[in-house]
Amino acid sequence: MTTVDTVGVSHRLTPQQRKAIVAGAVGNTVEWVDWAVYATFAPVFAGQFFAGGNETTALLSTLAVFAVGFVMRPIGGAVLGAYADRKGRKKGLTLTISLMAGASIVIAVCPTYTQIGVLAPIILLLARLVQGFSAGGEFGSSSAFLIESAAPGRRAFAGSWQQVSVGLGSLLAALMGTILNSTLSEPDLHGWGWRLAFGIAGLLGLVGLWLRVSVHETEAFTKLATKPRRNPLVAMLRDHPGAALRVAGVTIAGTLIYYVWVSYMPAYAHLATGIPLKTALLANTLAMVVFITLLPFGGLLSDRIGRKATMTAFAAGFVVFAWPAFHFLANGFWSVFVIELIGLVLIVGYSANCAVIMAEQFPAEVRTTGIGLPYALAVAIFGGTAPYVTTWLTTNHLGHLVWIYVAAAALIGVAVYSTMPETKGKEL
């Protein structure tokens with residue numbers, strides 16, 4: 001029997017809704033395995049694609065290709081978002097995972113620089129551009145699909161699995177790196193082991209593709225079949241500019257603080273306190289496991305008390321916690337772990353909510369575009385630059401000011417989250 005609250009909002013997921021959420025989350029996980037495996041193995045395959053003689057130059061060139069992939073994310077958010085709004089969430093998701101997995105397989109079989117010369121880095125660059133394009137479309141499509149597939153009273157819970165799957169994808173890529181580095185000799189790892197990683201990632205993408213093909217289109221999109229269609233990008237920009245700006249505003253604090261805590265904090269702890277980097281990374285990984293586990297519960301809390309309360313708690317928490325986090329960081333596993341853990345528990349308030357809040361800003365006909373484009377732009381501008389800004393501060397002996405950078409982002413978050421309209425219970 002379906003349970004409802006006092007205003008008639010369903011809180012129970014049907015078997016079909018559960019299947020759709022599982023398919024969306026698993027597909028998104030393998031999509032992000034494909035995305036993350038590049039960074040995991042960049043130091044290994046760098047010398048295969050660029051002229052030999054200088055390992056540092058080769059690695060920097062490989063990382064530059066990685067960074068260029070981020071440039072394509074807003075383009076993918078706009079183009080693939082419009083495609084999903086025109087053709088359906090299911091078709092959008094099958095296209096994004098096909099592009100991502102196909103690019104991984106291309107990298108896996110691509111000849112080296114010594115075999116085909118300059119064509120090798122060109123092929124690598126093109127494959128990474130395709131992956132960035134795919135990643136840009138994935139967030140909007142998967143968020144819209146998960147939210148539209150959920151019972152009305154379980155939207156934040158369903159949306160939280162978007163971020164669960166991103167975290168699991170990154171952890172699986174890291175696990176793959178650990179296993180191959182531990183079991184293969186260095187010549188084998190550099191010769192063919194990295195190709196195996198990309199090949200596995202590509203094959204996992206085919207599993208995700210099969211899952212996405214097997215699910216039904218969302219009811220919210222199906223209802224649009226009889227309505228006249230407009231260009232989703234034009235309609236979103238013309239009719240919903242405030243909602244698009246709100247999506248970007250919602251993203252600023254969340255993406256910046258997430259990148260600082262997950263990508264920067266281990267390196268900062270190593271530089272500031274002298275703790276071995278592998279110890280700091282272990283603390284980070286264990287805190288990430290707890291974070292991923294808590295995300296669905298954060299979604300359930302949002303479904304109960306609302307989006308504004310949980311998002312504002314995240315931002316206000318960092319206004320208070322930013323200074324102690326950096327001031328009391330010490331050379332010890334437990335110090336780093338506790339600070340990482342407290343920060344990531346606070347970030348649950350953002351990550352469990354971001355997909356549902358963005359989806360609830362737009363009508364179905366522009367929802368994927370409305371989520372994808374402003375989100376990708378905000379991530380590229382604020383999240384993508386966070387590691388650079390924090391590294392610049394540290395190398396210029398200004399690392400003691402990083403907490404101000406975090407606190408300022410959190411204050412922006414408090415302003416945005418406390419003034420945005422509550423969307424819990426809003427009809428999609």
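Trainee: Would you explain the environment of P15 in this entry?
Mentor: Tracing the chain through its elements places P15 in helix α1 (residues 15–49). Placed 321 residues apart in sequence, P15 and V336 show a C-alpha to C-alpha distance of 42 Å.

Trainee: Help me understand the layout of surface pockets in this model?
Mentor: Empty space among the atoms becomes apparent when a probe as large as a water molecule is rolled across them. There is about 620 Å³ of room inside the second largest pocket. Together, 26 residues line the second largest pocket, and E148, A150, T218, E219 and A220 are the ones closest to its centre. Contributing elements (two or more residues each) for the lining of the second largest pocket: α1, α5 (119–148) and α8 (219–222). Ranked by residues supplied to the lining of the second largest pocket, first place goes to α1 with 4 residues.

Trainee: For this particular structure, what's the right way to read the packing of α1 against helix α6 (residues 155–183)?
Mentor: Describing two packed helices takes the angle between their axes plus the distance from one axis to the other. Where α1 contacts α6, the axes come no closer than 7 Å and their chain directions differ by 40 degrees. As the angle between them shows, α1 and α6 are arranged oblique. As α1 packs across α6, the resulting crossing turns out to be right-handed. Looking at the contact of α1 with α6 residue by residue, the classes come out as 16 nonpolar, 8 polar and no charged.

Analysis parameters
Residues numbered from 1 in each chain as written. Predicted model: local features only at pLDDT ≥ 70, side-chain atom pairs only at ≥ 80, totals over all residues. Heavy atoms only, no water. Helix = DSSP H or I, 4+ residues; strand = E, 2+ residues; numbered from the N terminus. 1 Å grid on protein atoms, 1.4 Å probe; cavity = no way out; pocket = protein on both sides within 12 Å on 5 of 7 lines; lining within 4 Å. Points joined across faces, edges and corners; volume = space filled by probe spheres on them. Axes fitted to C-alpha atoms, helices over the stretch in contact; angles between N-to-C directions. Parallel < 35°, antiparallel > 145°, perpendicular 65-115°, else oblique. Left-handed = near helix turned anticlockwise from the far one by under 90°. Nonpolar A, V, L, I, M, F, W, Y, C, P; charged D, E, K, R; others polar.

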